[in-house]
Amino acid sequence: MYLGIDLGTSGVKALLIDGAGEVVGTATAPLTLSRPHPGWSEQDPADWVVAAYAALDALKHDHARDLAAVKGIGLSGQMHGATLIDEADEPLRPAILWNDTRAHAEAARLDADPRFREISGNIVFPGFTAPKLLWVRASEREIFDHTVKVLLPKDYLRLWLTGEHVSDMSDASGTSWFDVGARGWSPDLLDACHMRLDQMPALVEGNAVSGELRAELAARWGMTGPVVVAGGGGDNAASAIGTGTISAGAAFVSLGTSGVLFAANESYLPNPESAVHAFCHALPDRWHQMGVILSAASALTWYATIAETAPAALMEELGDSLEPPGPVTFLPYLSGERTPHNDADIRAAFIGLSHETDRASLTRAVIDGVAFALRDCQEALGAAGTELTSVMAVGGGSRAHLWLEAIATTLGLPVEVPGQGETGAALGAARLGLLAATGADPVEICRPPKVERVVEPVSDLRAAYEDAYGRYGALYRALKG
């Protein structure tokens, strides 16, 4: 058996697969985040460990014999989080998460240094790790001075599991300290942030061994013999392993807390001017590009809270047929935006409200607004040299057929919907655990799921969606600043 542990923003998921890659069992435990000030987003690393214990203990309750047979563990997790560790391996403060924009001024200052885009291949976004450390240095100098290691969130779980300070290439790509083309830390970029190489974790590829599970944890879950822990991957790279998106031409669209349009590449293709992320993949000698929007399914969840009903109930009110976009436009910039704007200050808006606007009109505007934001990502990928012919849908929002129709129509691409079963980051992590333990061929293990159905663009609505997308883009320019 092989275990994947995915540290998300809203919970920890543990997933077991057997040697044939079939899912045997899953368990989850929830997480909450703290927003002590506008634009801030934090979690206590101790809560990640508590949630991981809870998920694995639940898995043992239902699958004790299977869990005992685990020989490899893979990790995936939310990217970019700054977890600051002292000499005793204890966190010095809550982790600053990916969707925290407090360091926007520091990010702009680093991005103005041409070395960052040249070496890292990416814009220095406010949510990336490096500007957060500059903010800590300026605002919490004592904590900065006592920081012995900086770990990404999933790598703090690795420290708990193995006692090792290690990261993988895909997750390290999102720090702004990483030479993505050369697949290694950049001393120049670290020095520009008053950081040292010894404060960084060691690096391995996602399918390589990073350490072994500590004996006391193996005993807790009944595991015998050595259990290796793979390098793993950042959440999107791990999701790509789960969906089989590992070769050039393969792509997926993710509707989770954030939204992602992800394309696998067999070479390094940076284009930071388009605000596309160019990162290492979780497998050797592979890279990927992705456009990222900060609010996707979370935008519908936010609106559902305001409307005092469930997101699924809001979608049911829209019926089964996609309609042309209405007069209300929603800009989903609840936490600012990455691709293509790199704008930490922009905020969400409903535009075009009238006495006739009802709840369904606002719901439709939200799902269309997220689709338009993903179209922005498609345009940015095109500017970076990647043209898509189809995408696979993953993430919680991908279960909403009407939303997928809106996305397919906006992108002008068919959207493949996988059959029932796991396709996400936890499955990708488990596959990486299998690869590390067995040395198997990644192409054999990282197979795409069977496609249950294909959602085609609604041809009669393409023109209406194109007009609405143009209006959407003009509104950003009107609201900026």
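Everything below is about the structure shown above.
The rules behind these values
Residues numbered from 1 in each chain as written. Predicted model: local features only at pLDDT ≥ 70, side-chain atom pairs only at ≥ 80, totals over all residues. Heavy atoms only, no water. Helix = DSSP H or I, 4+ residues; strand = E, 2+ residues; numbered from the N terminus. Rg over C-alpha atoms; globule rule 2.2 N^0.38 Å. Buried < 20%, exposed > 50% of the residue type's maximum accessible area, 1.4 Å probe, protein only. Contact = heavy atoms within 4.5 Å. Lys, Arg positive; Asp, Glu negative; His and termini not counted. Charge placed at Lys NZ, Arg CZ, Asp CG, Glu CD. Pairing = 2+ DSSP bridges. Axes fitted to C-alpha atoms, helices over the stretch in contact; angles between N-to-C directions. Disulfide = S-S within 2.5 Å. Phe/Tyr/Trp six-rings, centres within 6.5 Å; stacked < 30°, edge-to-face > 60°. Lys NZ or Arg CZ within 6 Å of the ring centre and 35° of its normal. Salt bridge = Lys/Arg side-chain N within 4 Å of Asp/Glu carboxyl O. Expected span 1.5 Å × (residues − 1). Arc of directions from axis to C-beta.

Peer 1: If you had to explain the overall build of the chain to someone new, which residues and values would you point to?
Peer 2: Of the regular secondary structure elements, the chain holds 17 helices and 24 strands. Computed over C-alpha atoms, the radius of gyration of the chain comes to 21 Å, within 12% of the 23 Å expected from 2.2 N^0.38 for 481 residues, which places it in the range of a compact globule. Its C-alpha atoms give the chain principal-axis dimensions of about 65 × 50 × 45 Å. When burial is assessed residue by residue, the chain has 59% of its 481 residues classed as buried. Taking the contacts inside the chain whose residues are at least 6 apart along the sequence as the reference set, 73% of them involve residues at least 24 apart. Taking the average place of the 35 positive charges on the side chains of the chain and the average place of its 60 negative ones, the gap between the two points comes to 2 Å.

Peer 1: Could you give an account of the pairing of strand S3 (residues 23–30), naming the residues involved and the relevant values?
Peer 2: For strand S2 (residues 11–17) and S3, the ladder comprises seven bridges, and the chain directions are antiparallel. Each residue of the ladder has a partner; that of Ala14, found in S3, is Ala27. In this structure, the hairpin formed by S2 and S3 is closed by a connection of five residues, where Gly21 is found at a positive phi of approximately 85°.

Peer 1: I'd like to hear about the sheet that holds strand S19 (residues 287–293), residue by residue, with values.
Peer 2: As summarised here, the arrangement of the seven strands in space is S18-S19-S17-S16-S22-S23-S24, forming an open sheet in which the pairing is mixed. In the strand order of this sheet, the two ends are held by strand S18 (277–280) and strand S24 (451–455), each with one partner. Across the sheet, the mean angle from the axis of one strand to that of its neighbour is 30°, orientation sign disregarded. Bridging between strand S16 (residues 251–255) and strand S17 (residues 259–265) involves five bridges; their strand directions are antiparallel. Counted as the bridge partner of Ala251 is Ala263 from S17. Sitting on the sheet, helix H13 (residues 359–383) is in contact with S16, S17 and S19, with an inclination near 145° to S19.

Peer 1: Report on the state of the cysteines, specifying residues and quantitative values.
Peer 2: Defined simply, a disulfide is a covalent bond joining two cysteines at their sulfur atoms. Here the structure, examined in full by the defined rule, presents zero disulfides. Left without a disulfide partner, Cys280 is nearest to the cysteine sulfur of Cys446, which lies 16 Å away. A residue is classified by how much of its surface remains accessible, and Cys280, at 0% relative accessible area, is buried. Look at Cys446 and you get buried, because its relative accessible area is 3%.

Peer 1: Any details on the packing of aromatic side chains? Residues and values, ideally.
Peer 2: Tallied over the full model, the rule gives 20 aromatic pairs. An aromatic cluster is built from Tyr333, Phe372, Tyr465, Tyr469, Tyr472 and Tyr476, whose rings are joined through pairwise contacts. One residue, Arg183, lies across the ring of Trp287, its end atom 4.9 Å from the ring centre. Note that Arg338 overlies the ring of Phe125, its terminal NZ or CZ placed 5.8 Å from the centroid.

Peer 1: Can you explain the pattern of salt bridges? Please cite residues and give values.
Peer 2: Inspection of every chain in the model, using the stated rule, returns 22 salt bridges. One salt bridge connects Arg364 with Glu323, and the closest N-O pair in it is separated by 3.8 Å. Placement of the pair is Arg364 in helix H13 and Glu323 in the loop between helix H12 (311–317) and strand S20 (329–331), with a sequence separation of 41 residues. Assessed through its relative accessible area of 41%, Glu323 is described here as partly exposed.

Peer 1: I'd like a description of helix H17 (residues 462–479), backed by residues and values.
Peer 2: Since one α-helical turn is 3.6 residues long, residues separated by three or four positions face the same way. The first and last C-alpha atoms of H17 sit 26 Å apart over 18 residues, in line with the 26 Å expected at 1.5 Å per residue. Along H17, the residues classified as buried are Tyr465, Ala468, Tyr469, Tyr472, Leu475 and Tyr476. Buried residues of H17, seen end-on, are gathered within an arc of 120° and therefore sit on one face of the element. Away from its buried face by more than 90 degrees, H17 exposes Ala463, Asp467, Arg477 and Ala478. Elements in contact with the buried residues of H17: S20, strand S21 (349–351), H13 and helix H14 (401–411). Positive backbone phi, approximately 80°, marks Gly481, located one or two places after H17.

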